[in-house]
Amino acid sequence: MAKIKKGDLVQVISGPKQDRGGFRGKQGRVIEVLVERNRVIVEGVNYVTKHVRQGQTQRGTKTGGIETHEAPIHISNVVLLDPDTKKPVKVGYRSEEVVKDGVSKTRRVRIDKKSGKDLK
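Residues numbered from 1 in each chain as written. Predicted model: local features only at pLDDT ≥ 70, side-chain atom pairs only at ≥ 80, totals over all residues. Heavy atoms only, no water.

## What about the sheet that holds strand 1 (residues 9–12)?
Next up, step 1: Taken in spatial order, the 5 strands line up as 6-3-2-1-7 in an open sheet, and their pairing is antiparallel. The open sheet has two edge strands, strand 6 (73–74) and strand 7 (78–80), and neither has a second partner.
Next up, step 2: Sheet topology note: the strand 1/strand 2 (residues 27–34) ladder contains 3 bridges and is antiparallel. Bridging across to strand 2, Val10 finds its partner in Gly28. (Pairing = 2+ DSSP bridges. Helix = DSSP H or I, 4+ residues; strand = E, 2+ residues; numbered from the N terminus.)

This is the structure:
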């Protein structure tokens, strides 16, 4: 189970630095999580150009050409950020009892743990 979800704020922690054309240190929101491939697509990170065959729509407008969009990166290359402090956090889960309509259920709730650097 991936600890990073769609809409989370993440930061890239590996690869070349930004001054060398890479994405290390760049932050963005998660657009999509590809669980079966252990990859995430982050907004504004890992842009690639894709050549799409030219075609026509029903109205006669041209489509295709060279498009740029975000490519997936491995989930181990990003770290979850706290939206308030913009610092890295670890993710944990806690079991919680929920009573709804007289029925008790146990569900897992995702919690953010502060990093060791923040505890000093």
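Okay, back to it.
## Some words on the packing of aromatic side chains
Next up, step 1: All told, the structure shown has 0 aromatic pairs when counted by the stated rule.
Next up, step 2: The ring of Tyr93 is capped by Arg108, whose NZ or CZ atom sits 4.4 Å from the centre of that ring. (Phe/Tyr/Trp six-rings, centres within 6.5 Å; stacked < 30°, edge-to-face > 60°. Lys NZ or Arg CZ within 6 Å of the ring centre and 35° of its normal.)

## Observations regarding the domain arrangement of the protein chain
Next up, step 1: We note that the domain assignment places domain 1 (8–81) and domain 2 (87–119) within the protein chain.
Next up, step 2: With 4 residues of domain 1 at the contact, the number on the domain 2 side is 6 residues.
Next up, step 3: Taking both sides of the interface into account, the surface hidden between domain 1 and domain 2 amounts to around 390 Å²; carbon and sulfur atoms contribute 58%.
Next up, step 4: It is Asp8, Leu80 and Leu81 in domain 1 that bury the most area against domain 2; as a group they hold 84% of the surface buried on that side.
Next up, step 5: For the interface between domain 1 and domain 2, the tally reads 0 salt bridges. (Domains from an automatic or database assignment. Contact = heavy atoms within 4.5 Å. Buried area = accessible area lost by both parts, 1.4 Å probe. Salt bridge = Lys/Arg side-chain N within 4 Å of Asp/Glu carboxyl O.)

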